[in-house]
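Report on the structure
Now for the letters of each chain:
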Amino acid sequence: MSVDAAVGVAPTVPGLAATVVNPVVGQLMPGVGTELSRPLRGLVSFVLVLVAGALVLRLRRNYVDESIDAISDSPATAVLYGIAGYVIVGIVGLYGATTLARLSVAGGVFVRVAILISSAFVLVLTSFGFLVVGTLLTDIFGSRRPTYGLLIGAFLSAVSWVLLSPAGSIVSSLAIAAFGIGGSARIWIHSERTVETELGGR
């Protein structure tokens, strides 16, 4: 889905969110907020970021360097681009889930599958953000070491879940991760615009 397509779908987001997100949040929040203690939430976050970040390092290590270089070019806008990236992913996920629900008799099953896939993608995206932030810190205080950066990023994610409430942890985690993915999001958004501009001029 291109940037223009995502923007075109944006006005329907509140309706989509009411249809899909509210029931899911209602099922997940009790477990996140009451069943797990803060140290256990921190441990789970550390492990998830570590595993997903290691997967990114294994498959797309060069993305880390590209994102850090892009952030260095424009650090002030990194968070804004990162938030834009999350918004686009959310729109695509909600649009896909509701489309599957309307087209299929077993709509509920497909919606759950779509939500699980979208959640996994958001997890990887967030872990990538923490990986980039951690690696950026190693770059500032020494040499750039993505492996150590992953450990630092996973530790940062765990600390937020230990010190803050679930809602505060989600907000702080998304803010840190948004800064980390902001460089890659800026590259992707502008590359999309460039391709569309070139095609439109032919």
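In this text, all values refer to a predicted model and were calculated from it rather than measured experimentally.

**Quick notes on the side chain of S172**
- Here S172 shows up in helix α7 (residues 166-200).
- On the basis of relative accessible area, S172 is assigned to the buried category, the value being 19%.
- A polar atom in the side chain of S172 sits 3.1 Å from the backbone oxygen of S169.
- Leave out the neighbours within four places in its chain, and S172 touches S160 and L164.

**Section: the nonpolar core**
- By size, the foremost hydrophobic cluster in this structure holds 20 residues, and its most contacted members are V64, Y86, F128, L131 and V132.
- Of all the secondary structure elements, the ones that give two or more residues to this core are α3 (38-73), α4 (78-103), α5 (107-141), α6 (146-163) and α7.

**Re the packing of α3 against α6**
- Viewed as axis vectors pointing N to C, α3 and α6 meet at an angle of 155°, and their least axial separation amounts to 8 Å. The angle between the axes of α3 and α6 places the two elements in the roughly antiparallel class. Where α3 crosses over α6, the handedness of that crossing is right-handed. The segment α3 lies against α6, with R38, P39, R41, G42, S45, F46, V49, L50, G53, A54, L57 and R61 engaging P146, T147, L150, L151, G153, A154, F155, S157, A158, W161, V162 and L163.
- Its residues assigned to classes, the contact of α3 with α6 shows 15 nonpolar, six polar and three charged.

Conventions we followed
- Residues numbered from 1 in each chain as written.
- Predicted model: local features only at pLDDT ≥ 70, side-chain atom pairs only at ≥ 80, totals over all residues.
- Heavy atoms only, no water.
- Helix = DSSP H or I, 4+ residues; strand = E, 2+ residues; numbered from the N terminus.
- Buried < 20%, exposed > 50% of the residue type's maximum accessible area, 1.4 Å probe, protein only.
- Polar contact = N/O pair within 3.5 Å; in protein donor to acceptor, adjacent residues only side chain to side chain.
- Contact = heavy atoms within 4.5 Å.
- Core = buried A, V, L, I, M, F, W, Y, C linked by side-chain atoms within 4.5 Å.
- Axes fitted to C-alpha atoms, helices over the stretch in contact; angles between N-to-C directions.
- Parallel < 35°, antiparallel > 145°, perpendicular 65-115°, else oblique.
- Left-handed = near helix turned anticlockwise from the far one by under 90°.
- Nonpolar A, V, L, I, M, F, W, Y, C, P; charged D, E, K, R; others polar.

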